[in-house]
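# Breakdown of the fold
Residues per chain are reported as follows:
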Amino acid sequence: MNALVNFGKIFKFNGGVHPPENKTQSTQLPIAKLSLPDQLVLPLRQHVGNIPKVKVNVGDHVLKGQLLAEAEGMVSAAIHAPTSGTITAIADAIIPHPSGLPDHCITLKPDGLDTWIAHQGIDWRNTDRKSLVNSLRLSGIVGLGGATFPTQVKLRTDGKSAVHTLVINAAECEPYITCDDMLMRERAAEIVQGIAIAQHLLGATKVLIGIEDNKPEAIAAMQEATANTSMQVVVVPTLYPSGDARRLVHLLLGEEIPHNKRATEVGIQVFNVATVLALHRYFEYGEPALSRIVSMTGNVAQPRNFEVLFGTPLMHLVNAAGGAKPDTTHYIMGGPMMGFNLPDNNVPITKAANCIIAASPNLFAPPPPAMPCIRCARCADACPVSLQPQELYWFAKSDNFETAREYKLFDCIECGACSYVCPSNIPLVQYYRYAKSEIIAADRAKEAADLARERNEARLARIEREKLERAQKHAERAQGAKSEASPEQATNTPTETPDADAKKAAIAAAIARAKAQKQSLDDQPQTSSVTDKPTPAADEAKKAAIAAAIERAKAQKAAALQAGAMPRNVDTASGAVQQEIAEIDARRAAVGLTPPPNEATTQAAADKQAAIAAAIARAKAQKAAAEAAKLAESTEKKE
Ligand code: SF4
Ligand code: SF4
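Quick summary incoming for the structure in this document. None of these values were measured; they are calculated from a predicted model. Within any chain, residue numbers begin from 1 and follow the written order of that chain's sequence. Lettering of chains starts at A and numbering of ligands starts at 1, both following the order in which they are written. pLDDT decides what is reported in this predicted model: residues at 70 or higher carry local features, side-chain atom pairs at 80 or more are listed and counted, and totals for whole chains, interfaces and linings draw on all residues regardless. Excluded from the side-chain calculation are hydrogens and water; included are all heavy atoms of the structure.

## Considering the site of ligand 2
We count it as follows: Residues are classed as near a molecule or strand on a simple rule: at least one heavy atom within 4 Å of it. A run of H or I in DSSP becomes a helix once it reaches four residues, and a run of E becomes a strand once it reaches two; helices and strands are each numbered from the N terminus. Classes in brief: Ala, Val, Leu, Ile, Met, Phe, Trp, Tyr, Cys and Pro nonpolar; Asp, Glu, Lys and Arg charged; the others, Gly included, polar.
Near ligand 2 lie 13 residues; those nearest to it are C383, C412, C415, G416 and C418. Listing elements by their share of the shell around ligand 2, those giving two or more residues are α11 (417-421) and α12 (428-484). Looking at the shell around ligand 2 residue by residue, the classes come out as 11 nonpolar, one polar and one charged.

## What to know about the sheet that holds strand β17 (residues 355-359)
What counts here: In this analysis, strands are considered paired if DSSP registers two or more bridges between them. In what follows, a contact means two residues having at least one pair of non-hydrogen atoms within 4.5 Å. Lines fitted to C-alpha atoms define the axes here, with helix axes fitted over just the stretch in contact, and angles between the N-to-C directions of these axes take values from 0 to 180 degrees.
Read across the open sheet, the six strands follow the order β1-β14-β13-β17-β15-β16; overall the sheet is mixed. Edge positions in the sheet fall to β1 (32-33) and β16 (340-341), since each of these pairs with one other strand and no more. Across four bridges, the pairing between strand β13 (residues 291-298) and β17 is parallel. Following the sheet pairing, M296 is matched in β17 by I356. Relative to β13, helix α3 (residues 179-202) is tilted by about 125 degrees, and along the sheet it contacts β13 and β14 (304-309).

## Quick word on the packing of aromatic side chains
What counts, and what does not: Ring pairs are drawn from Phe, Tyr and Trp, using the six-membered ring of Trp, whenever the two centres fall within 6.5 Å, and their geometry is named by plane angle: stacked under 30 degrees, edge-to-face over 60, tilted for the rest. Criterion for a charge above a ring: Lys NZ or Arg CZ within 6 Å of the ring centre, and within 35 degrees of the ring normal.
Enumeration according to the criterion identifies six aromatic pairs in this entry. Measuring from centroid to centroid gives 5.1 Å for Y282 and F283, while their planes differ by 75 degrees, and the two rings are edge-to-face. An aromatic cluster is present here, built from Y393, W394 and Y431 joined pairwise through their rings. Over the ring of F271 we find K154, and its NZ or CZ is 4.7 Å from the ring centre. The ring of F306 carries R304 above its face, with NZ or CZ at 5.7 Å from the centroid.

## Describing the side chain of S84
Rule in force here: Whenever a nitrogen or oxygen atom comes within 3.5 Å of another N or O atom, the pair is scored as a polar contact, on the condition that within protein one atom can donate a hydrogen and the other can accept it, and that pairs from neighbouring residues in sequence are kept only if both atoms are in side chains.
For S84, the location among the structural elements is in the loop between β6 (79-80) and β7 (85-94). Side-chain polar atoms of S84 contact the side chain of D111, separated by 2.6 Å. Among the polar contacts listed, one links the side chain of S84 to the backbone nitrogen of D114, at a separation of 3.1 Å. Leave out the neighbours within four places in its chain, and S84 touches V62, L63, K64, K109, P110, D111, G112, L113, D114 and T115.

## Observations concerning the site of ligand 1
Taken together, the neighbourhood of ligand 1 is formed by C373, I374, R375, C376, A377, C379, Q390, C422, P423, S424 and L428. Residues that form the shell around ligand 1 fall into these classes: eight nonpolar, two polar and one charged.

## With respect to unusual backbone geometry
Glycine aside, negative phi is the norm for most residues, and most peptide bonds take the trans geometry. Along the chain, Y240 connects to P241 via a cis peptide bond; the corresponding omega equals 5 degrees. Relative to the helices and strands, P241 is located in the loop between β11 (232-236) and α5 (245-253). Of note, D114 is a non-glycine position whose phi angle comes to about 55 degrees, a positive value. Tracing the backbone shows D114 in the loop between β8 (102-110) and α1 (129-135). Backbone geometry places Y176, a non-glycine residue, at a positive phi of 75 degrees. With respect to the helices, strands and loops of the structure, Y176 is situated in the loop between β9 (165-170) and α3.

## Considerations on the nonpolar core
Note the cut-off: The criterion is simple. A nonpolar core is a set of buried Ala, Val, Leu, Ile, Met, Phe, Trp, Tyr and Cys residues joined through side-chain atoms within 4.5 Å. Burial here depends on accessible area, computed with a 1.4 Å probe over protein chains only, as a share of the maximum for the residue type. Under 20% is buried, over 50% is exposed, and the range in between is partly exposed.
By size, the foremost hydrophobic cluster in this structure holds 68 residues, and its most contacted members are L166, I168, I191, I195, I209, M222 and F283. Top element by residues in this core is α3. It accounts for 12 residues. In this structure L166 touches I195, A198, Q199, L202, A204, K206, V207, L208, Q269 and F271, once residues within four positions along its chain are discounted. The next biggest cluster of nonpolar side chains, apart from the first, holds 20 residues, and it includes C383, A404, I426 and Y432.

## Quick word on the packing of α3 against helix α6 (residues 273-285)
Put simply, the rule reads: By convention the crossing between two helices is left-handed if the near helix lies anticlockwise of the far one by an angle smaller than a right angle, and right-handed if it lies clockwise.
Two elements in contact, α3 and α6, have axes separated by 7 Å at closest approach and are oriented at 65 degrees. In this structure, α3 meets α6 at a crossing whose hand is left-handed. Touching D180, L183, M184, R187, E190, I191, Q193, G194, I195, I197, A198 and L201 of α3 are V273, A274, V276, L277, L279, H280, R281, F283 and E284, all from α6. Residue composition of the contact of α3 with α6, by class: 13 nonpolar, three polar and five charged.

## A few points about α6
Selection rule: Take the residue count of a helix, subtract one, and multiply by 1.5 Å to get its expected span.
In a regular helix each residue adds 1.5 Å, so 13 residues correspond to 18 Å; α6 covers 18 Å between its end C-alpha atoms and thus fits that length. The residue sitting at the N-terminus of α6 and contributing the capping side-chain oxygen is N272; that oxygen lies 2.7 Å from the backbone nitrogen of A274. Directly beyond the C-terminal end of α6, a positive phi value near 75 degrees is found at G286.

## Notes on the sheet that holds β9
Ordered in space as β11-β10-β9-β12, the four strands form an open sheet in which the pairing is parallel. Edge positions in the sheet fall to β11 and β12 (268-272), since each of these pairs with one other strand and no more. The mean inter-strand angle of the sheet, taken between neighbouring strand axes irrespective of direction, is 25 degrees. Helix-sheet contacts for α3 involve β9, β10 (206-212) and β12, and the interaxial angle to β9 is about 160 degrees. Running at roughly 85 degrees to β12, α6 makes contact with β9 and β12 of the sheet.

## Notes on the pairing of β12
In terms of residue burial, β12 counts as a mostly covered element, since five of its five residues are buried. With burial as the criterion, each face of β12 is covered, one bearing I268, V270 and N272 and the other bearing Q269 and F271. Across five bridges, β9 lies against β12 in parallel orientation. Opposite V167, over in β12, you have V270 as the bridge partner.

## Notes on the pattern of salt bridges
To be explicit about the condition: Note on definitions: salt bridges are taken to be side-chain nitrogens of Lys or Arg within 4 Å of carboxyl oxygens of Asp or Glu.
Summed over all chains, the structure comprises 22 salt bridges. The partner of D450 in a salt bridge is R453, and the shortest N-O contact between them spans 3.0 Å. You can see D450 and its partner R453 sitting in helix α12, three residues apart, about one turn around the helix. Here E466 and R462 are joined by a salt bridge, their closest N and O atoms 3.6 Å apart. Here E466 pairs with R462, and both are found in helix α12, just four residues apart, close to one helical turn. Taking relative accessible area as the criterion, R462 reaches 35% and is therefore assigned partly exposed. Within the structure, one salt-bridge network assembled from shared partners comprises K446, D450, R453 and E457.

Here is the structure:
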């Protein structure tokens, strides 16, 4: 421990382990700036949350710092061009993820000029806080400690939970990783300016910078940079996993943040040192997130830290570190405790890549075969979350997931301390990951099933409601029709239709007419015997018969005109025909019929009218004859 180290008041958490640090290999040289690679592959999924929306097309020439994909939704982060060049592809490519699956990426071919887009800083001291936080959506900054949570989301306070303490996580507890250490050694002043911005944005009154005691140079640099501020550098003992945000809060403040609460809910926010440095670059110079410091270490010729543009191919970084030694088997992203094996050597460096370790059998011997659990409880002693890892192991192994959940499986931070101390070499964390993924999958399936059931129930309820509404409308219409009817009609049975009513009315009217005619006849003077005198019905029948004859004659005449047997203009007809027409008109007048239609109409109209008139006349004659017969019969019966 360095003489500068001065432990403040700290609150030790349960458990923790001391794996070999292996940090000195990569801290012998200063941070180097990596040269431009031939191409940059930028995965859209480099952060927690929604993938951003692509704003460029293949073939576009872009400038350094230009927006390539904008944040989509509340939890998302933008992607920018790390250098100037041409977009050569927007397609799936292998990304650094344990699954080894390809994902959507933007490929940029650098033009070598590294030409910046126009950019400038923001006067953050004289700009309102909300505007500053909103502007961070364009920055692409995420948590660079490995969590990659969008920083603009962490800086949003909902007003309910004011942040009083800002904790800067500089513990960097995992073996091999030294990027934060080197950053503090070399850029402490910029980090402190970034902390001041974060403090301003959060409105925090207290700032604690937690650094493990295995980084004396970094501690000295930070103490010097914060000398004239209210920020406090707190040295904590080296113990894995003190770099876990909740463990560090416990160490510095003695507060245990409940597993189901966020740190801001208890007035605390935690940022990594690299993240606050990115805030400083953005607000002071207008530079979005384009690069990060990466520890390239392990089985390479010259381990060191590099400033690496996002999207740089892994092997470009490995070669910059002198290349991998021949016995290198694979590469690990992150540390040996919580990192994962990269699925491919062509993956790009992303925002989450704080460390790349070239692995070899010498550095990481294959794990011995797992033995049965001997219930020694060493895992429980090492667990920083005070869980019972051996119980969780049994429940996970037997697929007893619900019990594992009850034993707070989801409080496990997958730090690997339990596996590290297990004498039976049981890969405990793998069991926990398996159980968590199964529970999450089951929960999602249940959620989907519940949603489907709710939607179906809502649909059935809607159908039933519409059916009832229709029935109600029909009932209301029927009731309305009944109330509009006369009182007599209202007494009718519901089976009587409007047609039946009209028929009844017509019959009643016919009977009334017949009675009136009879009365009229009775009232006339008796100039002749009853048998000699024609009845009105007989007169009507006679008139109809005459009219029918006239119409037949007219139809015949029209037919003759049509056939050309007669002149088209009646004015030019022969005298015999005119005489016949005159006779017909006289006979019509005698029976009280209306004058004939104008014979000068067009031939087509005449033909049509004649045909219609003939049909009407026939119908009238038939009807009159029928009515006459009926009336006569009725009269006879009554008399
Ligand atoms: S440390 Fe390993 S052997 Fe011991 S109780 Fe835990 S799981 Fe079992
Ligand atoms: S991996 Fe989980 S169970 Fe094991 S020590 Fe870490 S927190 Fe505890």
